[in-house]
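Examining the three-dimensional arrangement
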Amino acid sequence: MIALILGATPLVAGAQAQNLGRKDFVGLPRPYVETLVKGEAAFGTKDWVGATAAFQEATKLEPSRMIGFYRLGEAQRAAGKLDEAEASWQAALGKQGPDDLEAKVMFVVADLRERQGKWEAAKTAWQGYATFVNGTKGARGYPATATERIKQAERRIKDERDYGAVKERAAQREVEKAREAEENAKKDKLNR
């Protein structure tokens with residue numbers, strides 16, 4: 001498999017060489033694959049900085065390919081940089097890649113929206129994911145997960161709407177308590 005992708009000589013030994021045979025890498029230009037493999041190796045050792053740098057380089061080598069942006073987002077998420085991961089995944093959605101990979105990107109975007117507490121956006125993202133997986137022959141995915149996550153997002157949206165008034169009253173009480181404490185402190189100073 002490696003020989004089919006890169007020619008007769010393997011680039012790296014051991015586990016890294018196995019990455020070269022990944023189906024996501026089939027048909028991609030050699031320098032791009034080498035850079036992706038470098039990123040995969042760094043990712044595998046939890047070197048988020050190294051992985052991010054390699055995947056960023058990959059996106060520069062082949063800016064029209066989805067896999068580099070997807071893996072860049074994965075490295076950024078692992079490093080705790082969720083806003084950067086979101087930007088990378090959004091960029092990935094407009095790039096060339098197999099339907100399975102597009103489904104993965106849509107899944108992680110929807111999941112990220114939930115983690116951010118953006119429930120309307122999460123619901124919309126899960127709906128888009130389910131539609132894509134159900135309507136695209138080459139896309140394998142988890143439509144049942146999307147259905148369940150949509151229900152959870154709807155519940156959270158309803159809870160936020162229902163409890164919005166309660167939150168407002170609690171916030172108003174906190175403001176009133178702070179004002180009262182300030183007034184009491186002024187009175188204490190005057191009584192001394």
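Conventions we followed
Numbering of residues begins from 1 in every chain and follows the order in which that chain's sequence is written. Owing to the predicted nature of the model, reporting of local features is limited to residues with pLDDT of at least 70; listing and counting of side-chain atom pairs is limited to 80 or more, with chain, interface and lining totals taken over all residues. The side-chain numbers reported here are obtained from all heavy atoms of the structure, hydrogens and water having been left aside. Per the convention used, a helix needs a DSSP run of H or I reaching at least four residues, while a strand needs a run of E reaching at least two, with both numbered from the N terminus. Expected helix span is given by 1.5 Å per residue-to-residue step, counting one fewer step than there are residues. When accessible area is computed with a 1.4 Å probe and restricted to protein chains, residues below 20% of their type maximum are described as buried, those above 50% as exposed, and intermediate ones as partly exposed. Note on contacts: a residue pair is in contact if any heavy atoms of the two residues lie within 4.5 Å. Confidence of the predictor at the level of single residues is captured by pLDDT, which takes values from 0 to 100. For the purposes of these results, a polar contact is taken to be a pair of N or O atoms within 3.5 Å, where, inside protein, one atom must be able to donate a hydrogen and its partner to accept one; residues adjacent in sequence count only when each atom of the pair is a side-chain atom.

1. Some words on helix α7 (residues 99-115)
Relative to the 24 Å expected for 17 residues at 1.5 Å per residue, α7 spans 24 Å between its end C-alpha atoms, a close match to the ideal helical length. Within α7, 12 of the 17 residues are buried, leaving the element largely enclosed by the surrounding structure. Taken together, the buried positions of α7 are Asp 100, Leu 101, Ala 103, Val 105, Met 106, Val 108, Val 109, Ala 110, Asp 111, Leu 112, Arg 113 and Glu 114. Packed against the buried residues of α7 are α5 (66-78), α6 (82-93), α8 (119-135) and α9 (143-191). Directly after α7, the chain includes Gly 117, whose backbone phi takes a positive value near 75 degrees.

2. Considering unusual backbone geometry
Here Lys 46, not a glycine, exhibits a phi torsion of approximately 65 degrees, which is positive. Here Lys 46 lies in the loop between α3 (30-44) and α4 (48-61). Its relative accessible area of 62% is what places Lys 46 among the exposed residues.

3. Side note on the confidence of the model for the protein chain
Averaged over all residues, the pLDDT of the protein chain is 85; the fraction at 70 or higher stands at 87%. No element of the protein chain has a lower mean pLDDT than helix α1 (residues 2-6), which averages 32, and none a higher one than α4, which averages 97. Ignoring residues within four places in sequence, the model shows residues 1-20, a span with pLDDT below 50, making 32 contacts including any to other chains.

4. Some details on the side chain of Thr 35
The residue Thr 35 is located in helix α3 in this model. The class for Thr 35 is buried, based on a relative accessible area of 12%. A distance of 2.9 Å separates a polar side-chain atom of Thr 35 from the backbone oxygen of Pro 31. Contact partners of Thr 35, with chain neighbours within four places excluded, come to Ala 54, Glu 57, Ala 58 and Leu 61.

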